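Residue strings, one per chain:
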Amino acid sequence: MDGCVSNLMVCNLACRGSWACSARQAEIVEFLLQLGVPVNDTGDAGWSPLHTVASAGQDEIIKALLGKCAQVNAVSQNGCTPLHYTASKNRHEIAAMLLEGGADSAAEDHCEATATHRAAAKGNLKMIPILLYYRTSTNIQTLRVTLLYT
């Protein structure tokens with residue numbers, strides 16, 4: 001994607017595939033991020049690009065969005081974070097990336113369901129240990145930091 005592009009061309013690229021995330025167009029997402037497209041804007045349902053790609057699944061795009069400070073605990077209209085959608089789609093690697101990026105595995109949606117509840121409801125039982133590990137390890141890391149500096 002070298003050379004000059006018009007605003008119309010950028011709009012067309014952004015619209016194609018709902019900000020290019022749902023269509024898994026990593027190259028287009030990278031291009032838009034280089035142009036400074038806001039990474040935390042939301043659509044009508046309150047979905048950010050991170051919500052979209054967490055649901056669609058594309059490691060490269062998750063890394064790119066997190067690298068541009070995407071809000072990992074952004075909440076959609078129904079109270080779900082990107083981790084909720086990742087857990088229901090059984091995307092282990094993306095869940096780990098989100099959790100390492102600061103996702104709160106204890107965050108509850110408007111029905112008081114966590115990502116662990118979503119995984120269990122979909123039968124994604126291998127996802128549960130990942131979610132619980134990060135919940136526990138985050139608490140342990142916080143405790144270690146607290147002990148070191150007190």
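Reading the values: rules and limits
Residues numbered from 1 in each chain as written. Predicted model: local features only at pLDDT ≥ 70, side-chain atom pairs only at ≥ 80, totals over all residues. Heavy atoms only, no water. Helix = DSSP H or I, 4+ residues; strand = E, 2+ residues; numbered from the N terminus. Axes fitted to C-alpha atoms, helices over the stretch in contact; angles between N-to-C directions. Parallel < 35°, antiparallel > 145°, perpendicular 65-115°, else oblique. Contact = heavy atoms within 4.5 Å. Nonpolar A, V, L, I, M, F, W, Y, C, P; charged D, E, K, R; others polar. Buried < 20%, exposed > 50% of the residue type's maximum accessible area, 1.4 Å probe, protein only. Core = buried A, V, L, I, M, F, W, Y, C linked by side-chain atoms within 4.5 Å. Polar contact = N/O pair within 3.5 Å; in protein donor to acceptor, adjacent residues only side chain to side chain. Phe/Tyr/Trp six-rings, centres within 6.5 Å; stacked < 30°, edge-to-face > 60°.

## Focus: unusual backbone geometry
Generally, phi is negative for residues other than glycine and the peptide bonds are trans, each holding for most cases. Although it is not a glycine, Asn 90 sits at a positive phi angle of roughly 65 degrees. Position of Asn 90 relative to the elements: it lies in the loop between helix H5 (82–89) and helix H6 (92–100).

## Here's the deal with the packing of helix H2 (residues 26–34) against helix H4 (residues 59–67)
Contact geometry of H2 with H4 gives a least axis separation of 9 Å together with a crossing angle of 10 degrees. Classified by the angle their axes make, H2 and H4 are roughly parallel. Counting all contacts with H2, which are made through Ala 26, Val 29, Glu 30 and Leu 33, the residues of H4 involved are Glu 60, Ile 61, Ala 64 and Leu 65. Classifying every residue of the contact of H2 with H4 gives six nonpolar, no polar and two charged.

## A look at H2
Looking only at H2, the buried set comprises Ala 26, Ile 28, Val 29, Phe 31, Leu 32 and Leu 33. Looking one or two places after H2, you find Gly 36, whose phi comes out positive at around 90 degrees.

## Considering the nonpolar core
Counting 27 residues, the largest nonpolar core has Leu 50, Ile 62, Leu 65, Leu 83, Leu 98 and Leu 131 as the members making the most contacts within it. For this core, the leading source of residues is H6, giving five residues. In this view, Ile 62 contacts Leu 50, Val 53, Ala 54, Ile 94 and Met 97; residues no more than four positions away in its chain are not counted.

## Describing the environment of Ser 88
Position of Ser 88 among the secondary structure elements: in helix H5. When the C-alpha positions of Ser 88 and Ala 115 are compared, they lie 7.5 Å apart, and in sequence the two are 27 residues distant. If we ignore the near neighbours within four places in the chain, the residues touching Ser 88 are Arg 118, Lys 122 and Asn 124. Reaching out from Ser 88, the side chain makes a polar contact with the backbone oxygen of His 84 at a distance of 3.0 Å.

## What about the packing of aromatic side chains?
Applying the stated rule across the entire model yields one aromatic pair. Their ring planes at 45 degrees and their centres at 4.4 Å tell us that Trp 47 and Tyr 85 sit as a pair that is tilted. In this pair, Trp 47 is assigned in the loop between H2 and helix H3 (49–56) and Tyr 85 in helix H5, connecting sequence segments 38 residues apart. On the accessibility criterion, Trp 47 (28% relative accessible area) is partly exposed. Classification of Tyr 85 by relative accessible area gives buried; the value is 8%.

## So, the side chain of Thr 81
Structurally, Thr 81 is set in the loop between H4 and H5. For Thr 81, a relative accessible area of 2% gives the class buried. Residues within four places of Thr 81 in sequence aside, it is in contact with His 51, Val 72, Asn 73, Ala 74, Val 75 and Ala 107.

## Comments concerning H5
Burial runs high along H5: seven of the eight residues are buried. Among the residues making up H5, those that are buried are Pro 82, Leu 83, His 84, Tyr 85, Thr 86, Ala 87 and Ser 88.

These figures come from the coordinates and say nothing about function on their own.
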